[in-house]
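# Architecture at a glance
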Amino acid sequence: MSSYESIIVEKNNRIAVVTLNRPEALNALNAQIMNDIVSAFDDIDRDPEIVVSILTGAGRAFAAGADIKEMKDQSFSDMFLADYFAGWDKFAACRKPVIAAVNGFALGGGCELALMCDMLIASDKAKFGQPEIKLGVTPGMGGSIRLTKAIGKARAMDLVLTGRMIDGAEANRIGMCSRLVEHDKLMDEAMSAAMEIANYSLPSILASKEMVTRSLELSTTEGVKYERRLFMGLFGTLDQKEGMAAFAEKRKASFLDK
Ligand code: CAA
């Protein structure tokens, strides 16, 4: 277990579990949490023993948004000069897959943080929303872009313009989540997805994440070309040889991450 002020990081069997740990403030995302997350995921990205992470929240929230009390007196120049929220872009650029296990409120920046993750598993107690309009602002951590890409314009407008909250079942129905599970089974489900991923070869895991992430920004022609290059590039790995030989020999592949 590593020590951070506002998050808990546990590493085991190629999997890191990162827990936002400011439950008294519903894990509101202040500068401390952002800096801890940036440094934890930088460490995870560089740690050869870790392949995949789960991000969740302690208590009744995943995260109830950016810290309103920290932001409320800031001016445009304060935020612009500090490049406020820039740390979240570093988190979003993490190369290894991150599974969001959304245990409760995921509002504003909390919803945006969940959407930065690669898979989103929601508990039936999860509540999603972009309530920034109630504060006289808009989403600011990439929500309007990632949410619109995830659920389409009309649904994104509905959430961003009304600020209403939706439950895990609705979020799942409209395509924000990849899985919806009973609250008590949330961490088991996230862990079982992580264990499945952790069995595979790291080069193909990183390439898969990179490919799907880039696909959101490329044209179909460029995307297919990009995918083809990465696919062919993996034929330079030992794990491609092992994976395909294991299939032909009807045995389980034993990958080396090489
Ligand atoms: N920032 C700072 N503190 C927050 C917070 C936030 N986003 N959300 C909750 N808290 C604090 C509350 O102030 C409260 O602290 P105190 O005990 O010291 O008063 C504590 O967490 C518990 O919250 P509540 O008493 O409000 O709990 P509740 O069950 O009555 O309500 C809630 C829960 C509906 C989630 C409510 O807390 C709420 O509406 N939170 C704010 C949600 C929000 O507006 N998020 C967007 C933030 S702006 C943003 O994120 C910008 C962006 O795009 C990046």
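Everything numeric in this text was worked out from a predicted model, so none of it was measured.

### Here's the deal with the overall build of the protein
When helices and strands are counted, the protein shows 12 helices and 11 strands. Relative to a compact globule of 258 residues, whose C-alpha radius of gyration would be 18 Å, the protein shows 19 Å and is just as compact. Judged by the C-alpha coordinates and their principal axes, the protein covers about 60 × 45 × 40 Å. The buried share among the 258 residues of the protein stands at 43%. Sequence separation of at least 24 residues holds for 66% of the intrachain contacts in the protein that already meet a minimum separation of 6.

### Concerning the domain arrangement of the protein
Domain annotation of the protein identifies domain 1 (7–198) and domain 2 (201–249). On a C-alpha basis, the centres of domain 1 and domain 2 stand 27 Å from each other. Buried surface at the junction of domain 1 and domain 2, both sides included, amounts to about 770 Å², of which 61% is carbon and sulfur. Broken down residue by residue, the surface that domain 1 buries against domain 2 is led by Arg 95, Asp 118 and Lys 149, which jointly contribute 49%. Counting across the domain 1 and domain 2 interface gives one salt bridge. For Lys 209, the salt bridge is made with Asp 118, and the minimal N-O distance between the two is 2.8 Å. Where domain 1 touches domain 2, the interface holds four residue pairs in polar contact (both at pLDDT 80 or more).

### Quick notes on helix H6 (residues 143–151)
Turning to H6, its buried residues are Gly 143, Leu 147 and Ile 151. Along the axis of H6, the buried positions cluster into a sector of 25°, meaning they face one direction only. One or two positions beyond H6, positive phi appears at Gly 152, with a value near 90°.

### A look at unusual backbone geometry
Residues other than glycine seldom take positive phi values, yet Asn 27 does so here, at roughly 55°. In this structure, Asn 27 sits in the loop between strand S3 (15–20) and helix H1 (31–46). What makes Asn 27 buried here is its relative accessible area of 0%. The phi torsion at Lys 250 lies on the positive side, around 55°, for a residue other than glycine.

### Some thoughts on the nonpolar core
If you look at the biggest cluster of nonpolar residues, it comprises 48 residues, and the most contacted ones within it are Ile 37, Leu 55, Trp 88, Phe 91, Leu 113, Phe 128 and Met 176. Ignoring any residue separated from it by four or fewer positions in sequence, one finds Ile 37 in contact with Ile 7, Val 18, Leu 20, Leu 55, Trp 88 and Phe 91. In this structure, Val 51, Leu 186, Ala 190 and Leu 206 belong to the second largest nonpolar core, which totals 18 residues.

### Quick notes on the packing of H6 against helix H7 (residues 153–162)
For the pair H6 and H7, interaxial distance at closest approach is 7 Å and the crossing angle is 135°. If you check the angle between H6 and H7, you find them oblique. By crossing handedness, the relation of H6 to H7 is classed as right-handed. Across the interface between the two elements, Leu 147, Thr 148 and Ile 151 of H6 pack against Lys 153, Arg 155, Ala 156, Leu 159 and Val 160 of H7. Residue composition of the contact of H6 with H7, grouped by class: five nonpolar, one polar and two charged.

### A closer look at the site of the ligand
The environment of the ligand is made up of 25 residues, and the closest members are Ala 66, Gly 109, Glu 112, Glu 132 and Gly 140. Glu 112 places a side-chain nitrogen or oxygen 2.6 Å from an oxygen atom of the ligand. Protein contacts shield 65% of the accessible area of the ligand, which totals 990 Å² for the unbound molecule. Elements with a minimum of two residues in the shell around the ligand: helix H2 (68–71), strand S7 (105–107) and helix H5 (109–116).

### A word on empty space enclosed by the protein
Using the criterion set out here, one finds one cavity of 30 Å³ or more in the structure. Roughly 60 Å³ of internal volume is contained in the largest cavity. Looking at the largest cavity, the residues that line it are Leu 29, Asn 30, Ala 31, Met 34, Glu 70, Tyr 84, Phe 85 and Trp 88. When the residues that make up the lining of the largest cavity are grouped by side-chain class, the tally is six nonpolar, one polar and one charged.

Conventions we followed
Residues numbered from 1 in each chain as written. Predicted model: local features only at pLDDT ≥ 70, side-chain atom pairs only at ≥ 80, totals over all residues. Heavy atoms only, no water. Helix = DSSP H or I, 4+ residues; strand = E, 2+ residues; numbered from the N terminus. Rg over C-alpha atoms; globule rule 2.2 N^0.38 Å. Buried < 20%, exposed > 50% of the residue type's maximum accessible area, 1.4 Å probe, protein only. Contact = heavy atoms within 4.5 Å. Domains from an automatic or database assignment. Buried area = accessible area lost by both parts, 1.4 Å probe. Salt bridge = Lys/Arg side-chain N within 4 Å of Asp/Glu carboxyl O. Polar contact = N/O pair within 3.5 Å; in protein donor to acceptor, adjacent residues only side chain to side chain. Arc of directions from axis to C-beta. Core = buried A, V, L, I, M, F, W, Y, C linked by side-chain atoms within 4.5 Å. Axes fitted to C-alpha atoms, helices over the stretch in contact; angles between N-to-C directions. Parallel < 35°, antiparallel > 145°, perpendicular 65-115°, else oblique. Left-handed = near helix turned anticlockwise from the far one by under 90°. Nonpolar A, V, L, I, M, F, W, Y, C, P; charged D, E, K, R; others polar. Near = heavy atom within 4 Å. Areas by Shrake-Rupley, 256 points an atom, 1.4 Å probe, with all protein chains shown as cover. 1 Å grid on protein atoms, 1.4 Å probe; cavity = no way out; pocket = protein on both sides within 12 Å on 5 of 7 lines; lining within 4 Å. Points joined across faces, edges and corners; volume = space filled by probe spheres on them.

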